[in-house]
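Structure assessment
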Amino acid sequence: MPQPHYVVRRSRMGRFNFTLIGAHGRMTGVVVISTENKTREEIEDQAHLKIRALAAELVAVMEKGAPA
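Residues numbered from 1 in each chain as written. Predicted model: local features only at pLDDT ≥ 70, side-chain atom pairs only at ≥ 80, totals over all residues. Heavy atoms only, no water.

Our focus in this paragraph is a nonpolar patch on the surface. Among the surface-exposed residues, M27, L58, V61 and M62 lie close enough to one another that they form a single nonpolar patch of about 390 Å² accessible area. With respect to the helices, strands and loops of the structure, V61 is situated in helix α1 (residues 40–64). (Patch = residues over 30% accessible without salt bridge, like charges linked within 9 Å, V, L, I, M, F, W, Y side chains within 5 Å. Areas by Shrake-Rupley, 256 points an atom, 1.4 Å probe, with all protein chains shown as cover. Salt bridge = Lys/Arg side-chain N within 4 Å of Asp/Glu carboxyl O. Helix = DSSP H or I, 4+ residues; strand = E, 2+ residues; numbered from the N terminus.)

Below, the structure is given as structure tokens:
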């Protein structure tokens, strides 16, 4: 089984398109980062942090199981 990972592509105005890829498929999404008074590195770091946080939230929701 391939290791789960994600791919990020920077768009415009602080938008980052990403794809989470796992053994059973993929999910795509977008995160938006404020670019005001930030370096390119800071913007990219914040985007990666947001993507990781979304992935963690997905895991937390899935671990709770289906609603009754």
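Having seen the model, we can carry on.
Averaged over every residue, the pLDDT of the chain is 88; residues scoring 70 or more account for 93%. The spread of mean pLDDT over the elements of the chain runs between strand β1 (residues 5–10), the lowest at 87, and strand β3 (residues 25–32), the highest at 93. (pLDDT = per-residue confidence, 0-100.)

Here we have 3 strands laid out as an open sheet, ordered β1-β2-β3, and antiparallel in their pairing. Every interior strand has two partners, whereas the edge strands, β1 and β3, have only one. Within the sheet, the average angular offset between the axes of one strand and its neighbour, ignoring direction, is 20 degrees. Sheet topology places β1 next to strand β2 (residues 15–22); 6 bridges connect them, and they run antiparallel. (Pairing = 2+ DSSP bridges. Axes fitted to C-alpha atoms, helices over the stretch in contact; angles between N-to-C directions.)

Glancing now at the environment of Y6. With respect to the helices, strands and loops of the structure, Y6 is situated in strand β1. For the pair Y6 and G25, spaced 19 residues apart in the sequence, the C-alpha separation amounts to 12 Å. Discounting residues that sit within four places of it in the chain, Y6 has contacts with T19, L20, H48, I51 and R52. Polar contacts involving the side chain of Y6 include one to the side chain of H48, which spans 2.8 Å. At 3.3 Å, the side chain of Y6 and the side chain of R52 are in polar contact. (Contact = heavy atoms within 4.5 Å. Polar contact = N/O pair within 3.5 Å; in protein donor to acceptor, adjacent residues only side chain to side chain.)

Let's shift gears to the environment of R12. Within the element layout of this structure, R12 appears in the loop between β1 and β2. Residue R12 is classed as exposed on the basis of its relative accessible area, which comes to 68%. Sequence separation between R12 and V32 is 20 residues; the distance between their C-alpha atoms is 9.5 Å. (Buried < 20%, exposed > 50% of the residue type's maximum accessible area, 1.4 Å probe, protein only.)

A separate point is the pairing of β3. Pairing of β2 with β3, which is carried by 8 bridges, proceeds in the antiparallel orientation. Bridge pairing in β3 links T19 to T28. Joining the antiparallel neighbours β2 and β3 is a turn of 2 residues.

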